[in-house]
Amino acid sequence: MKVLVINCGSSSLKYQLIDSETEKALAIGLCERIGIDGRLVHTPAGGEKVVKEAAMDTHEAAIKLVLEALTNKDHGVISSLEEIGAVGHRVVHGGEKFASSTMITDEVLNAIEECCDLAPLHNPANLIGIRACKALMPNVPMVGVFDTAFHQTMPEKAYLYGLPSEYYDKYRIRKYGFHGTSHSFVAKRTMELCNLDPNNSKIIVCHLGNGASITAVKNGKSIDTSMGLTPLEGLTMGTRSGDIDPAIIEFIMKKENKSIDEAIEILNKKSGVYGVSGISSDFRDLEAATADGDEKARTATDLFVYRAAKYIGSYVTAMNGVDAIAFTAGLGENDKNVRGGIMSYLGYLGVEMVVENNNTRGKEIKLSTDDSKVQVWVVPTNEELAIARETVALI
Ligand code: AMP
């Protein structure tokens, strides 16, 4: 079956058409600047990239262009829309309502709408994408795959905050966690690679990209994760602060005469390694600046690595041990300094690294020696494929 995977943001839309039998992408693409001017970048597998500047006032207009590109006689990959057997939608927040992927019905749409409070930047965009696809492909089954769903297995002691319980009772303020589709995909693959029994395994997945989170996966289930009610908690990220003393917010607001919205914007967009270095959120820039002797760039990288290593340590405690650690996403798959830096803290676990293997990029590889007590792997993530698999499994 051919599955269209849609990841809809507020002004952008990423898509892949995946053949579920071969698990290969037939085409990948992106619509940018929806509602502004509009640009479609479409790449058929094995073909040339096509860039089309085209007005797209709405997400529905963008999806129309995507469907046109997929069926185009020159750069299309299917002869008609009849070939699309299902659509899988990435949905960021499923709250406590969704512990797994689900077929999209009117009732499900309402439930996703009710989660908009928890992800005001993401869920409304996801809903727009779903509704636009339903309007254009009314007879094609659609599935919602939630970033939060994998983490719904966390026990109460992991997901509750030390706040008055009325806030949980009234507003469901708790840890939800994100990147769940990636953590689940990578954990499964790590179990296969390490030949672990899914019902007797302890894995730590480090999804380290511009947004970054670490998850403790015990017996195949998420038991704790570093992101929280929102993706702001946890690791120091590209531009997000991660964990801070909450009193800092009031302190900054008073000293700098900022509103709460401005303070939160600083924590989301101006902090992390970008804020600490004052240079960039991209670790390639930080590496270059560090090589030129920039101390702040070095400090930002050290801070990122140290925080990640501490989270790993806390999850070893939470699981009372660890069999394997997996690195994934932009940094986890590519950045030898970040991986090597984190592993340098893990000697107490008996982790030993093969330096040559760590010097590689973007491929599945074992980083630990055969004698290492804990296996460490690079496992490239593929969220689109994971969404396609979930979609096929459900329909
Ligand atoms: P993501 O959000 O998963 O796309 O990850 C973005 C981060 O991955 C950025 O900080 C990049 O510096 C890093 N990254 C992506 N590709 C590479 C690469 N080829 N080498 C080193 N770092 C990379």
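Going by an unreviewed UniProt entry, the protein chain carries the name Acetate kinase and comes from Anaerocolumna cellulosilytica. For the record of the protein chain, the UniProt heading Sequence similarities (unreviewed entry) holds the text "Belongs to the acetokinase family." Under the UniProt heading Pathway (unreviewed entry), the entry covering the protein chain gives this text: "Metabolic intermediate biosynthesis; acetyl-CoA biosynthesis; acetyl-CoA from acetate: step 1/2."

Mapped onto this numbering, the UniProt entry gives "binding site: Mg(2+)" (unreviewed entry) at Asn 7 and Glu 383. These annotated residues cover 377 residues of sequence, but their C-alpha atoms sit close together, with the largest distance between any two at 10.0 Å. Taking the relative accessible area as the measure of exposure, Asn 7 reaches 17% and is therefore buried. Apart from the residues lying within four places of it in its own chain, the contact partners of Asn 7 are Ser 12, Leu 13, Lys 14 and Arg 90. Within the secondary structure layout, Glu 383 lies in helix α15 (residues 383-394).

Attention now moves to the pattern of salt bridges. One pass over the structure, following the stated rule, counts 19 salt bridges. As a salt-bridge pair, Glu 113 and Arg 131 come within 3.1 Å of each other at their nearest N and O atoms. Of this pair, Glu 113 sits in helix α2 (residues 106-114) while Arg 131 is found in helix α3 (residues 123-136), placing the two residues 18 residues apart along the sequence. Taking relative accessible area as the criterion, Arg 131 reaches 38% and is therefore assigned partly exposed. Within the structure, one salt-bridge network assembled from shared partners comprises Glu 32, Arg 39 and Glu 53.

Further remarks concern the packing of aromatic side chains. Going through the model one piece at a time under the given rule, you end up with six aromatic pairs. Ring geometry for Tyr 159 versus Tyr 168: centroids 6.1 Å apart, planes at 40 degrees, classification tilted. Here Tyr 159 falls in the buried class, since its relative accessible area comes to 12%. Above the ring of Tyr 168, the side-chain terminus of Arg 172 is found at 4.4 Å from the ring centroid. Lying across the ring of Tyr 159, Arg 174 places its NZ or CZ 3.7 Å from the centre.

All right, on to the nonpolar core then. Ile 204, Leu 208, Ile 214, Phe 304, Ile 312, Ile 325 and Ile 342 are the most contacted members of the largest nonpolar core, which has 42 residues in total. Of all elements in the fold, only β9 (202-208), β10 (212-218), α10 (283-291), α11 (295-319), β12 (324-328), α13 (336-343) and β14 (375-378) reach the threshold of two or more residues within this core. Ranked by residues supplied to this core, first place goes to α11 with ten residues. Residues within four places of Ile 204 in sequence aside, it is in contact with Ile 214, Thr 215, Ile 312, Tyr 315, Val 316, Met 319, Val 322, Ala 324, Ile 325 and Ala 326. Core analysis: the second largest hydrophobic core is formed by 39 residues, Ile 34, Ile 63, Ala 69 and Ile 104 among them.

About the criteria used
Residues numbered from 1 in each chain as written. Predicted model: local features only at pLDDT ≥ 70, side-chain atom pairs only at ≥ 80, totals over all residues. Heavy atoms only, no water. UniProt positions renumbered as here; feature names shortened; annotations may be inferred. Buried < 20%, exposed > 50% of the residue type's maximum accessible area, 1.4 Å probe, protein only. Contact = heavy atoms within 4.5 Å. Helix = DSSP H or I, 4+ residues; strand = E, 2+ residues; numbered from the N terminus. Salt bridge = Lys/Arg side-chain N within 4 Å of Asp/Glu carboxyl O. Phe/Tyr/Trp six-rings, centres within 6.5 Å; stacked < 30°, edge-to-face > 60°. Lys NZ or Arg CZ within 6 Å of the ring centre and 35° of its normal. Core = buried A, V, L, I, M, F, W, Y, C linked by side-chain atoms within 4.5 Å.

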